[in-house]
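Architecture and fold: a report
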Amino acid sequence: MTMTSKRIILLAVIIAVGFVLGRLAVREVLNLLLGGTLFGGNIL
Amino acid sequence: MKTLKWGLLYTAAFLAAFVGSALLKLNSDPTHGKYNTRWDETIGKAYTDLPYGEGAANKFDLYVPADKSQDAYGLVVYLHAGGFTSGDKAGDAEMLEWLCSKGYVAAGINYTLFTEENPDASVYSQSEEIKAAMPYVVAAAEKLGYKLDRMAIAGGSAGGCLALIYAYRDADTSPLPVRMVFEAVGPGSFHVEDWGIFGLDQSPEAAAGLFSVMSGQALTPEDITSGAYLDAVKPISADRWVTKDTVPSVLCYGAHDKMQPFAASKPLVAALEKNGVDYRYFVAEHSGHGLQNDNKVYMEYLDAVVEYLDKYMKD
């Protein structure tokens, strides 16, 4: 596997992590305001 | 140099994904459009800010279907949220349009909010305003050519509380037979032991303060400890008006609600169960006041609303 391939895979992982954390951050802010759990119910 | 470029790309990609997904979540519709409607003159027409009293807030919006072929129509009143201190009927336009698209005359009613300008407003005074508004709503619909012969009442949060009070306490004096109520996260009972999220179970002073504002009666800490407050809050406590004749009810609550205690829904449900009322009670186990983490439960609640409207509001 070339270095470029590895970097592209890492980029995809970083995007996926950013996507998940972005939704979890909104969920947690809403939970702080309204009440709720970080996990369970909606997938994200 | 190449490593630096990739490092910047990783950072930018992370931030873009983080912000983008956050914005998507904030703007997502949990019903995926199932309970929205296209709104134009082929569906219905809205008449806004019709008066029902002397107060600045004594206004209602009326949504009437374009189809005028029916002999009589059902009225569905939807009362707005806002913690009894804020909010406006205009915020429920989508809900009212959707109800109208189902063939009902729909009404959103404003009520005098508890604010610095209106320190005497209370849940009780608001419930009395809703009661006073109903004959005006019926008259306005009839003036537009829509004869009404039955009604449902509904709301969210503060509006849900007021809807329950009207359906359970005031149905006997309603100008239209009340057939059902549906609401989400509205306080349905006022027992200090259930209001622990605000510390009312530990502080008679705090309980006296909050329940005084809500009931519109001056309560003391002694009233709380002696239980005398229960008479004062009865007019705003839906659970205390439940009988075997109480109308069918569809309710939804968040188990982790920080705005109104989930525990306060329990006496209401117990009263409905004890009296054999036809009711549905949905619990969003992972959500708070916004029912925000349980889209599936929220959809089930709305599906039940449709089921009950079809069952009790059709001819």
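What you are looking at is a predicted structure, and each value in this text was computed from that prediction instead of being measured.

Definitions and limits used
- Residues numbered from 1 in each chain as written.
- Chains lettered and ligands numbered in written order.
- Predicted model: local features only at pLDDT ≥ 70, side-chain atom pairs only at ≥ 80, totals over all residues.
- Helix = DSSP H or I, 4+ residues; strand = E, 2+ residues; numbered from the N terminus.
- Rg over C-alpha atoms; globule rule 2.2 N^0.38 Å.
- Buried ≥ 20, exposed ≤ 12 C-beta atoms within 10 Å, placed from the backbone.
- Contact = placed C-beta atoms within 7 Å.
- Pairing = 2+ DSSP bridges.
- Axes fitted to C-alpha atoms, helices over the stretch in contact; angles between N-to-C directions.
- Expected span 1.5 Å × (residues − 1).
- Domains from an automatic or database assignment.
- Nonpolar A, V, L, I, M, F, W, Y, C, P; charged D, E, K, R; others polar.
- Left-handed = near helix turned anticlockwise from the far one by under 90°.
- Parallel < 35°, antiparallel > 145°, perpendicular 65-115°, else oblique.

What follows covers the overall build of chain B. Scanning chain B from terminus to terminus reveals nine helices and eight strands. Compactness check: chain B gives a C-alpha radius of gyration of 22 Å against a globular reference of 20 Å for 315 residues, within 12% of the reference. Principal-axis analysis of the C-alpha atoms gives chain B an extent of 80 × 60 × 40 Å. Within chain B, the fraction of its 315 residues that count as buried is 48%. The contacts of chain B with a sequence gap of at least 6 include a subset with a gap of at least 24, amounting to 70%.

Now for the sheet that holds strand β7 (residues 249–254) of chain B. Residues and elements named next belong to chain B. Spatially, β1-β2-β4-β3-β5-β6-β7-β8 is the arrangement adopted by the eight strands of the open sheet, whose pairing is mixed. Looking at which strands have only one partner, the edges of the open sheet turn out to be β1 (44–51) and β8 (279–284). On average, each strand axis in the sheet is inclined to that of its neighbour by 15°, with strand direction left out of account. Here helix α2 (residues 93–101) sits on the sheet in contact with β1, β2 (59–65), β3 (73–79) and β4 (105–109), set at roughly 35° to β2.

With 25 residues, helix α1 (residues 2–26) of chain B ought to run about 36 Å at 1.5 Å a step, and its terminal C-alpha atoms sit 36 Å apart, in line with that. Every buried residue belonging to α1(B) is among B:Phe18, B:Ser21 and B:Ala22, and all of these are buried. Tucked inside the fold, the buried residues of α1(B) contact α1 (3–34) of chain A.

How big an interface is tends to be stated in terms of accessible area lost as the parts join. Residue and element names in this part refer to chain B. Each assigned domain of chain B is listed here: domain 1 (34–188 + 240–312) and domain 2 (190–236). The interface of domain 1 with domain 2 comprises 16 residues on the first partner and 13 residues on the second. Residues that form the side of domain 1 that touches domain 2 fall into these classes: nine nonpolar, three polar and four charged.

Next up on the list: the packing of α1(A) against α1(B). For the pair α1(A) and α1(B), the least separation of the axes is 7 Å and the interaxial angle reads 35°. Here α1(A) and α1(B) pass one another in a crossing that is right-handed. Taken together, the residues of the contact of α1(A) with α1(B) sort by class into 17 nonpolar, four polar and three charged.

A separate point is α2(B). Residues and elements named next belong to chain B. Burial analysis of α2 places seven of its nine residues in the buried class, the great majority of the element. Buried residues of α2: Met95, Leu96, Glu97, Trp98, Leu99, Cys100 and Ser101, and no others. Looking at the residues trailing α2, positive phi occurs at Gly103, about 100°.

Turning next to the interface of chain B and chain A. Each partner contributes residues to the interface: chain B has 28 residues there, and chain A has 21 residues. Of the residues forming the side of chain B that touches chain A, the biggest block, 13 residues, is contributed by α1(B). The residue makeup of the side of chain B that touches chain A, split by class, is eleven nonpolar, twelve polar and five charged.

Right, let's get into the environment of B:Gly53. All names here are of chain B. In this structure, Gly53 sits in the loop between β1 and β2. On the basis of neighbour counts, which here come to 14 C-beta atoms within 10 Å, the residue Gly53 falls in the partly exposed class. For the pair Gly53 and Tyr136, spaced 83 residues apart in sequence, the C-alpha separation works out to 8.9 Å. Setting aside anything within four residues of it in sequence, one finds Gly53 in contact with Asn58, Glu129 and Ala132.

Our next topic: the packing of helix α3 (residues 123–143) of chain B against helix α4 (residues 158–169) of chain B. Each packed pair of helices is defined by two parameters, the angle between the axes and the distance between the axes. All names here are of chain B. Between α3 and α4, the least distance of the axes is 10 Å, while the angle of their chain directions is 60°. Relative to α4, the element α3 is oriented oblique. Here the hand of the crossing between α3 and α4 comes out right-handed. Residues Val123, Gln126, Ser127, Ile130 and Lys131 of α3 form the contact with α4, whose participating residues are Cys161, Leu162, Ile165 and Tyr166. Residue classes in the contact of α3 with α4 are distributed as six nonpolar, two polar and one charged.

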